[in-house]
Amino acid sequence: MRVGILPRETASAVITGAMSVTGWAVAAAMVLLTIPVLVETLIIRERAADLPLALLLLGVVLGGVAAVAVRPRRWVVLLFLAVAGLACVGYEVLLLTDDPGLVAASPYLVSRPTLVLVLVGIPTSRTMIGIAWSLIGFAVSVVVGVVSFVIAGLPFEPGFGPVMVLAVSTIASLTLAAIQVRIRKSVPNFDDLEAETLSIAHGEDLARLTTAVVHDTLLNDLAVVMNAPDRLGEAARQRLLADLETLRGADWITAAAQTGAPAEGDSELRNEVARIATEFQWRGLSMHLTGAPSVRYQLTAEVSDALLAAVRACLENVVRHSGATTAELEVFAEAGSVTVMVTDRGCGFDLGSVAGDRLGLRASVVERMAAVGGMAKIWSAPGEGTSVVISAPASPEFLP
């Protein structure tokens, strides 16, 4: 059985991925479009000598945008806000010093680089985190403006640019969240899906059983009647009465219903795995969930929590380090254990080169599973991707 978890081609790549690329592209475009206006303005105002330093400061901001786009980590974003904020202060002070009329003549030219600071929240796929980053960027842009005007000896005149960008980024984040909520509702509920599948299978079994019972009783009895002499013997009569009682009592239907009753235990784990897969899919990772366990199983809460945490750690490693855009999750079970295999086709790594003091998968997956009686094995090589097999012990109430 193969279950697709919200195809990235139509969801994450179009929404989350597009929002991220568009956010940084817009930020870079704002800086680049400032250059021709800056050159023209300074030449007209006979300030061409200030061009090299102004362009250098814009280059610092543009380099920060590129750094965050390539490595979107929290510390990189904070460093970007600090460095780009200082560059914007230098840029505005350079333009305003000895030329206060520039604010009235070209106010947007003065504040345009600070708009990039507000855009740091757009590429984030989590709504509240994205809005929080945008607010931090907006606060930095306001501080930049106040400090710059104070240094230039001018009264602070806030522009509407940062406010407009903050409003647009907030609306974009809320729109993305609404779309995500709506699409997540299409994730299959494995409890209902399993119940429906078992119901269909039970119906097919019941149909086959009904056919067999009719063939073995009613049709055979009709054949006996048709081929019997004028008067039925006592043995034939007793046989017909027994068969009629069997059909009328319908005990065979009750037995069939009891045989087809669904067992509980494994659907909850698959639901949680599907939720984790969906979460990482919205972070730009295409997920495929496979597996059709041949047995039914139950896990203790401790083992289930460890298994799910290990799966999450593996997928986090794929997102952060592998460079892959696709991962596969396979869930299968056998007597006494449940196994999840996480596979990606990313850059891979040399297991032998990992330092002993590096925690990574060793602490978050291998040691975590060993603590609950399970195990985990990792296979990887540079350029060959990574596979992690996580095995968890099933509870004593294992159901065949």
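Preceding this section is the structure that the text describes.
Residues numbered from 1 in each chain as written. Predicted model: local features only at pLDDT ≥ 70, side-chain atom pairs only at ≥ 80, totals over all residues. Heavy atoms only, no water.

Caption draft 1: Region of interest: the environment of glycine 373. Of note, glycine 373 is situated in the loop between helix H13 (360–371) and strand E5 (375–380). Along the backbone, glycine 373 and serine 391 are 18 residues apart, and their C-alpha atoms lie at a distance of 9.1 Å. (Helix = DSSP H or I, 4+ residues; strand = E, 2+ residues; numbered from the N terminus.)

Caption draft 2: Structural context of the environment of valine 60. Of note, valine 60 is situated in helix H2 (residues 51–70). Take valine 60: its relative accessible area is 33%, and that puts it in the partly exposed class. Taking the C-alpha atoms as reference, valine 60 lies 7.9 Å from valine 83; in sequence the two are 23 residues apart. Those residues in contact with valine 60 that sit more than four places away from it in its chain are Val83 and Ala87. (Buried < 20%, exposed > 50% of the residue type's maximum accessible area, 1.4 Å probe, protein only. Contact = heavy atoms within 4.5 Å.)

Caption draft 3: Representation of the nonpolar core. In terms of nonpolar packing, the biggest core is built from 43 residues, with Leu38, Phe80, Tyr91 and Val116 touching the most fellow members. When residues of this core are traced back to their parent elements, those giving at least two are helix H1 (13–44), H2, helix H3 (74–96), helix H4 (101–105), helix H5 (107–118), helix H6 (127–152) and helix H7 (161–184). Take this core: its biggest share by element is 13 residues, from H3. Apart from the residues lying within four places of it in its own chain, the contact partners of tyrosine 91 are Thr34, Leu38, Ala54, Leu57, Leu58, Leu109, Val110 and Pro113. Core analysis: the next-biggest nonpolar cluster, separate from the first, contains 37 residues, Leu308, Ala327, Val338 and Ala392 among them. (Core = buried A, V, L, I, M, F, W, Y, C linked by side-chain atoms within 4.5 Å.)

Caption draft 4: Representation of the pattern of salt bridges within the structure. In the structure shown here, the tally under the stated rule is four salt bridges. A salt bridge links aspartate 99 to arginine 47; the shortest N-O distance between them is 3.0 Å. Note that aspartate 99 is positioned in the loop between H3 and H4 and arginine 47 in the loop between H1 and H2, a separation of 52 residues in sequence. With relative accessibility at 10%, the residue aspartate 99 sits in the buried group. You can call arginine 47 buried: its relative accessible area is 10%. Across the pair glutamate 316 and arginine 320 runs a salt bridge whose closest N-O atoms are separated by 2.9 Å. Separated by four residues within a single helix, glutamate 316 and arginine 320 lie in helix H12 (residues 301–322), roughly one turn from each other. (Salt bridge = Lys/Arg side-chain N within 4 Å of Asp/Glu carboxyl O.)

Caption draft 5: Spotlight on unusual backbone geometry. Its identity is not glycine, yet glutamate 46 carries a phi of approximately 55 degrees, on the positive side. Counting through the fold element by element, glutamate 46 comes out in the loop between H1 and H2. Judged by relative accessible area, glutamate 46 falls into the exposed class, the value being 75%.

Caption draft 6: Broad picture of the pairing of strand E6 (residues 386–393). Relative to E6, strand E4 (residues 337–344) is paired through eight bridges, and the arrangement is antiparallel. Its bridge partner being in E6, threonine 343 is matched across the sheet by serine 387. In terms of strand pairing, E5 meets E6 through six bridges, oriented antiparallel. What sits directly across from tryptophan 379, in E6, is serine 387. Here E5 hands over to E6 after five residues, with glycine 383 in that stretch at a positive phi of 80 degrees. (Pairing = 2+ DSSP bridges.)

Caption draft 7: Focus on the packing of H5 against H6. Put simply, H5 and H6 touch, their axes get as near as 7 Å, and they point 155 degrees apart. When the axes of H5 and H6 are compared, the pair comes out roughly antiparallel. The interaxial crossing formed by H5 with H6 has right-handed handedness. Of H6, the residues touching H5 (which contributes Thr114, Leu117 and Val118) are Ser134, Gly137, Phe138, Val140, Ser141 and Val144. Tallied by class, residues from the contact of H5 with H6 come to five nonpolar, four polar and no charged. (Axes fitted to C-alpha atoms, helices over the stretch in contact; angles between N-to-C directions. Parallel < 35°, antiparallel > 145°, perpendicular 65-115°, else oblique. Left-handed = near helix turned anticlockwise from the far one by under 90°. Nonpolar A, V, L, I, M, F, W, Y, C, P; charged D, E, K, R; others polar.)

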